[in-house]
Amino acid sequence: MKVIGRKERADLPALALFNVGAKVDTGAYTSSMHCEKVTEIDGGISCQFLNSHKSKESVENVIFTDFRKRKVKSSNGIEEERYSIWTKICLGEDVFDIELTLTNRSEMKTPLLLGRKFIKGKYLVDVAKKEILKK
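Peer 1: Is there a simple way to think about the layout of surface pockets in this case?
Peer 2: In this approach a probe as big as a water molecule rolls over the atoms, and the regions it shows empty are the leftover space. Quantified by volume, the largest pocket comes out at close to 510 Å³. Residue lining of the largest pocket: 23 residues in total, with Ala28, Ser74, Ser75, Arg82 and Leu113 positioned closest to the centre. Counting residues per element, the lining of the largest pocket draws most heavily on strand S7 (residues 67-73), which supplies four residues. A breakdown of the residues in the lining of the largest pocket according to their chemical character gives five nonpolar, nine polar and nine charged.

Laid out in structure tokens, this is it:
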């Protein structure tokens, strides 16, 4: 099994997001992604992401027809309903399907959080290292 650091860089090509900062969090069950705005339209959702976590330059809206709403308990212990989408994630040379819940992570240091549902069976986490999987 490959080793992953506590922070990594990821590409989400279907979202036109590349070199995204990701925190690996074995305490979190689900993975989540920062989303500026979600709007329900015609049986789908339109999502606005940022090119860079700290910039305000947005990616064109991405439309998802395959989504669901799910309840997620956030780190503060409060349960909230979030949209959940499926997409591809690239970590180093690895490509996987990933389910991401969409939330406002603007106050967090990284826009992407990788939870144990995604990590399990793919990686072991070395908390002393960062960005092991760089291309």
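Peer 1: Is there a simple way to explain the pairing of strand S3 (residues 31-34) in this structure?
Peer 2: Every regular strand shows the same layout, with side chains that alternate between the two sheet faces. Burial along S3 is two-sided: the face carrying Ser31 and Met33 and the face carrying Ser32 and His34 are both buried. Where S3 and strand S9 (residues 94-103) come together, four bridges link them in parallel fashion. Bridge pairing links His34 to Thr103 in S9. The pairing of S3 with strand S10 (residues 112-114) spans two bridges and is classified as antiparallel. The residue bridging Met33 from the neighbouring strand is Leu112, located in S10.

Peer 1: Hey, could you run me through the nonpolar core in this one?
Peer 2: Inside soluble globular proteins, nonpolar side chains tend to come together where they are buried. Grouped together as the largest cluster of nonpolar side chains are 29 residues, with contacts concentrated most on Met33, Phe49, Ile89, Leu91, Leu102, Leu112 and Leu114. Of all elements in the fold, only strand S1 (2-12), strand S2 (17-24), strand S5 (44-48), strand S6 (62-64), strand S8 (79-91), S9, S10 and helix H1 (116-119) reach the threshold of two or more residues within this core.

Peer 1: Even after reading the chapter, I still don't get the sheet that holds strand S4 (residues 37-41), so can you show me in this structure?
Peer 2: Ordered by their spatial adjacency, three strands build an open sheet running S4-S5-S6, and the pairing between neighbours is antiparallel. For this open sheet the edge positions go to S4 and S6, each flanked by a neighbour on one side alone. Ignoring which end each strand starts from, the neighbouring axes of this sheet average 25° apart. Here S4 runs beside S5; their pairing, made up of five bridges, is antiparallel. Residue pairing across strands places Lys37 opposite Gln48, the latter belonging to S5.

Peer 1: Any chance you could explain the pattern of salt bridges here in plain terms?
Peer 2: Enumeration over the complete set of coordinates arrives at nine salt bridges. For Arg82, the salt bridge identified is with Glu80, shortest N-O distance 2.6 Å. Residue classification places Glu80 among the partly exposed positions, given a relative accessible area of 31%. Of the charged contacts in the structure, one is a salt bridge between Lys129 and Asp126, with a shortest N-O distance of 3.8 Å. For Lys129, a relative accessible area of 44% translates into the label partly exposed.

Peer 1: Just to check I follow, could you spell out a nonpolar patch on the surface for this structure?
Peer 2: A grouping of Met1, Val3, Leu124 and Ile132 is seen on the molecular surface, where their side chains present a nonpolar patch of about 370 Å² in accessible area. Topologically, Leu124 is positioned in strand S11 (residues 123-130). Accessibility expressed as a relative area gives 49% for Leu124, which makes it partly exposed.

Here is what the cut-offs are and how they apply
Residues numbered from 1 in each chain as written. Predicted model: local features only at pLDDT ≥ 70, side-chain atom pairs only at ≥ 80, totals over all residues. Heavy atoms only, no water. 1 Å grid on protein atoms, 1.4 Å probe; cavity = no way out; pocket = protein on both sides within 12 Å on 5 of 7 lines; lining within 4 Å. Points joined across faces, edges and corners; volume = space filled by probe spheres on them. Helix = DSSP H or I, 4+ residues; strand = E, 2+ residues; numbered from the N terminus. Nonpolar A, V, L, I, M, F, W, Y, C, P; charged D, E, K, R; others polar. Buried < 20%, exposed > 50% of the residue type's maximum accessible area, 1.4 Å probe, protein only. Pairing = 2+ DSSP bridges. Core = buried A, V, L, I, M, F, W, Y, C linked by side-chain atoms within 4.5 Å. Axes fitted to C-alpha atoms, helices over the stretch in contact; angles between N-to-C directions. Salt bridge = Lys/Arg side-chain N within 4 Å of Asp/Glu carboxyl O. Patch = residues over 30% accessible without salt bridge, like charges linked within 9 Å, V, L, I, M, F, W, Y side chains within 5 Å. Areas by Shrake-Rupley, 256 points an atom, 1.4 Å probe, with all protein chains shown as cover.

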